[in-house]
Each structure stands twice: as C-alpha cells, then as structure tokens.
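Residue strings, one per chain:
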Amino acid sequence: MAPVFAHGRLRLYLLKLLDEAPRHGYEVIRLLEERFQGLYTPSAGTVYPRLAKLEAEGLITHATEGGRKVYSITDAGRAELAGRGGELADLEEEIRESVSELAAEIRDDVRGAAGKLRSEMRAAATASRTAGASASFDAREELRKAKQELKEQARQARAEAQSAKRQAKEYQRIAQQLQDQFQDRLKGGDWPKGVWEGISDITAQLGNLVTSTTHGPAAGRPSSPEQAVSDWAKDIDGAAEPARELDRLLDRFRDDVRDAARDHGVSRDQLAEARRHLATAADGILSLLAPDRRRP
C-alpha cells in the first residue's frame, strides 16, 4: 500500500485541523479517520510526535484541560498555513485520491479473500463429497460382505441340520434292524448262540458309530452283522458251562467297546446313541434270561 501522506503533508494537515478549532490529540486522530471515511486511522505514534515537533517550532501551543493537552494553532502557524495555500489545495486532492485508492485496494483484498474463501469452500465440499462417497461405498461393501457371510452361515446351518436329520434316521434304522435281528436269533432255540450273535451285531454297529465321524470304519472291525456273527461264533464252546461262557462274552463285549472308544474317541452324541443301543440289548437279553422279570 502506498503511503497516505507524502513527505511533510501530514504536518501541513495537522495545522489545518488545529486552525479549524483547538483539539486534543485523540480528537485529531478521530478527525483524520473521518476524513478518510474510516479507511485509514493514524496511530498515536504517528500523530503525537508530529504535534510535539510543531509545538517545538512555535507553530502550535497547548493548554491542559481535565488532565489532557488541548492543542491550538499560533499566529506563526497561521502564517505558514496561509503561505502554503496552494499546497493545501493539492493535499485535499491527494486525500480524495488516497481514499479512492484505499477503497479500491480494500475491495480487491475483499474480492481476493472472498474468491479464496469460495475456492476453499468448493474444495472442502468436493473433498466432503468424495469422502462421503468413499465412506458410503465402504459401508455398502461391508454390508454386502455381512449379508454374504450370513447367507453362507445359514447355508452351512441348513446343511448341518439336514446331515443331522439323515444321521438320526440312519441311527433309528440301525437300531430297529438290530432289535429285529436280535429277536430273530433268540427265537432260534439255541439261546447261547443267540446271545453271542446279538452281542456281535451290537458290537459291530457301535464300532461303526464310534469311528464313522472320525477315521471311517475301524481297521479289522467287522463290516457287516454276518461277519461279526462269524467272528464271535467261531470259538463257541458248546460244552462250557453257559453261565461262565456268558460272563466271558460280556467281558469280551466290554473290552471291544472300550478299545474302540479309547482308540477313536467318543463324542457326547455317540455316547447317547451307544447308551440307547446298550439299553435295547440289555432289554432283549434280560427278556431272554428272565422272561418273568418286570422292568422297574
């Protein structure tokens, strides 16, 4: 910004203001601001030193009123002001031009600031839209993934439920088959062989149930009730005491089941199914050995 007053011009204008009326320093500063329409306000550091110099030159004097200095022009000051009338007219024109220039500069500054502000606001709005679009895309993607994951979990749950349903039906079929086969063999008349064959069938089926969900059929285990019967019946001792032979068979049954459980593990579901098979077998054997026995 160009200086408002050229060299020596502020000194001349101070004499003009004091020629109009005595004034204190603050009033001089306020009048200068008014003449420049609020576009320029001289500082106290600019005005008071010049007033002091004018007083030192005898062009103005001061009196103290209410603790403040009130400056007045002297005759010497009026003489100098009169001798510089043409220069004072030029100063008035310079002030008007300075006001116009200051106003133009301020308008340019305001326009520049406003333009910069608009640019920043547009950039911020663009960034906000971009961030919002990115956040919206991320949210949609997360929602899509969540939906896909829920669908996959639902599909797996349905598959597991169907598998469990099929397995339950298979367990029921095996249980009924075992019970029917066991009863048929018991009706054959040879009760020791019927007991052995029934226990053999139960052992084979339990072995398959224990291993089917882990390692598949146990190595060396019977693959069918017929094979189980042959394995268990091949060493039947018809001459042995029946009660002792039954104890031997029960021990063998217990050892086989225990070995299968130890080697392959037993889940809670398998335990419940094995318990049901054992209950069925126990009911059949007890019905054979004690027909008149009543269940509690």
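Quick note: structure is the one above.
This write-up is about the structure you can find in this document. (Residues numbered from 1 in each chain as written. Predicted model: local features only at pLDDT ≥ 70, side-chain atom pairs only at ≥ 80, totals over all residues. Heavy atoms only, no water.)

**Some remarks on the pattern of salt bridges**
Tallying each qualifying case throughout the model produces 18 salt bridges. With a shortest N-O distance of 2.7 Å, glutamate 34 and arginine 30 are connected by a salt bridge. Of this pair, glutamate 34 and arginine 30 both sit in helix 2 (residues 25-35), four residues apart, which is roughly one turn of the helix. Classification of glutamate 34 by relative accessible area gives partly exposed; the value is 47%. Classification of arginine 30 by relative accessible area gives partly exposed; the value is 33%. The salt bridge partner of aspartate 255 is arginine 254, with a shortest N-O separation of 3.7 Å. The exposure class of aspartate 255 is partly exposed, given its relative accessible area of 33%. (Salt bridge = Lys/Arg side-chain N within 4 Å of Asp/Glu carboxyl O. Helix = DSSP H or I, 4+ residues; strand = E, 2+ residues; numbered from the N terminus. Buried < 20%, exposed > 50% of the residue type's maximum accessible area, 1.4 Å probe, protein only.)

**Topic: the pairing of strand 2 (residues 60-65)**
Direction of pairing for strand 2 relative to strand 3 (residues 68-73): antiparallel, over a ladder of six bridges. Residue pairing across strands places alanine 63 opposite valine 70, the latter belonging to strand 3. Where strand 2 folds back onto strand 3 in an antiparallel hairpin, the turn is made up of two residues, including glycine 66, whose phi is positive at roughly 60°. (Pairing = 2+ DSSP bridges.)

**A short note on the nonpolar core**
Where a protein is soluble and globular, its nonpolar side chains tend to be buried together. Counting residues in each nonpolar core, the largest one holds 24 residues, and the members touching the most others are Leu14, Leu15, Leu18, Val28, Leu32, Leu51 and Ile60. Of all elements in the fold, only helix 1 (9-20), helix 2, helix 3 (44-56), strand 3 and helix 5 (85-186) reach the threshold of two or more residues within this core. Looking at which element gives the most residues to this core, the answer is helix 1, with seven residues. Other than its neighbours up to four places away in sequence, leucine 15 contacts Leu54, Leu59, Ile60, Ile73, Gly77, Glu80 and Leu81. (Core = buried A, V, L, I, M, F, W, Y, C linked by side-chain atoms within 4.5 Å. Contact = heavy atoms within 4.5 Å.)

**Considerations on the environment of valine 257**
Here valine 257 is to be found in helix 8 (residues 242-264). What makes valine 257 partly exposed here is its relative accessible area of 29%. The spatial distance from the C-alpha of valine 257 to the C-alpha of alanine 274 is 9.8 Å, given a sequence separation of 17 residues.

**Details of the side chain of arginine 23**
Mapped onto the elements of the fold, arginine 23 is located in strand 1 (residues 23-24). When its relative accessible area of 9% is taken as the criterion, arginine 23 is described as buried. In terms of polar contacts, arginine 23 uses its side chain to reach the side chain of glutamate 27, at 3.4 Å. Look past the residues within four positions of arginine 23 in its chain and what remains in contact with it is Leu17, Leu18, Val28, Leu31, Lys69, Val70 and Tyr71. (Polar contact = N/O pair within 3.5 Å; in protein donor to acceptor, adjacent residues only side chain to side chain.)

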